[in-house]
Amino acid sequence: MNHTSQSADALNAAFRKFTNTLSPQLKAHMNGRLERGLQIAQAGGVTPYKDPYSPDSQRLFKVKSSNPSKSPYLVDLSARTCTCPDHW
């Protein structure tokens, strides 16, 4: 097993573990957003982001939009924020 397949396996396992904690009602309300996020991550659409104003921050990521005409979104895991329209 190579590093790429190990990473994919770990990502899929984390996705399953997380989605198993969600109620069926919440999953229905998400309307495929979780699955689209997984596809973006599997395709390499999530990259670490170095904030020039806070270069020590380790929990910032750029995430490609599922719509190619839109700019990437910024996710801050520490602040639990995202610039995407689905963040709530």
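Throughout what follows, the structure given in this document is the object of discussion.

Reading the values: rules and limits
- Residues numbered from 1 in each chain as written.
- Predicted model: local features only at pLDDT ≥ 70, side-chain atom pairs only at ≥ 80, totals over all residues.
- Heavy atoms only, no water.
- Helix = DSSP H or I, 4+ residues; strand = E, 2+ residues; numbered from the N terminus.
- Buried < 20%, exposed > 50% of the residue type's maximum accessible area, 1.4 Å probe, protein only.
- Contact = heavy atoms within 4.5 Å.
- Areas by Shrake-Rupley, 256 points an atom, 1.4 Å probe, with all protein chains shown as cover.
- Pairing = 2+ DSSP bridges.
- Arc of directions from axis to C-beta.

## Digging into the overall build of the protein chain
- Regarding its fold elements, the protein chain presents three helices and four strands.
- Dimensions of the protein chain, computed from C-alpha atoms along their principal axes, come out at roughly 40 × 35 × 25 Å.
- Split into buried and exposed, the 88 residues of the protein chain put 18% on the buried side.
- A separation threshold of at least 6 residues defines the contact pool for the protein chain, and within that pool the share at least 24 residues apart is 20%.
- Just so you have it, the protein chain exposes about 6800 Å², and 56% of that area is on carbon and sulfur atoms.

## Some points on the sheet that holds strand 4 (residues 81-82)
- Spatially, four strands are ordered 1-2-3-4 in an open sheet, and the strand pairing comes out antiparallel. Here the strands that pair on one side only, and so sit at the sheet edges, are strand 1 (46-48) and strand 4.
- Sheet analysis places strand 1 next to strand 2 (residues 60-63), joined by three bridges and oriented antiparallel. Following the sheet pairing, V46 is matched in strand 2 by V63.

## Observations concerning helix 3 (residues 33-42)
- Residues L34, L38 and I40 constitute the buried set of helix 3. On an axial view of helix 3, the arc spanned by its buried residues comes to 160°, and they lie on one face.
- Downstream of helix 3 by a residue or two, G44 has a phi angle that is positive, lying close to 85°.

## Some thoughts on the environment of T81
- Within the secondary structure, T81 is located in strand 4.
- Judged by relative accessible area, T81 falls into the partly exposed class, the value being 38%.
- Separated by 21 residues in the primary sequence, T81 and L60 have C-alpha atoms spaced 9.8 Å apart.
- Among residues more than four places away in sequence, those in contact with T81 are L74, V75, D76 and H87.

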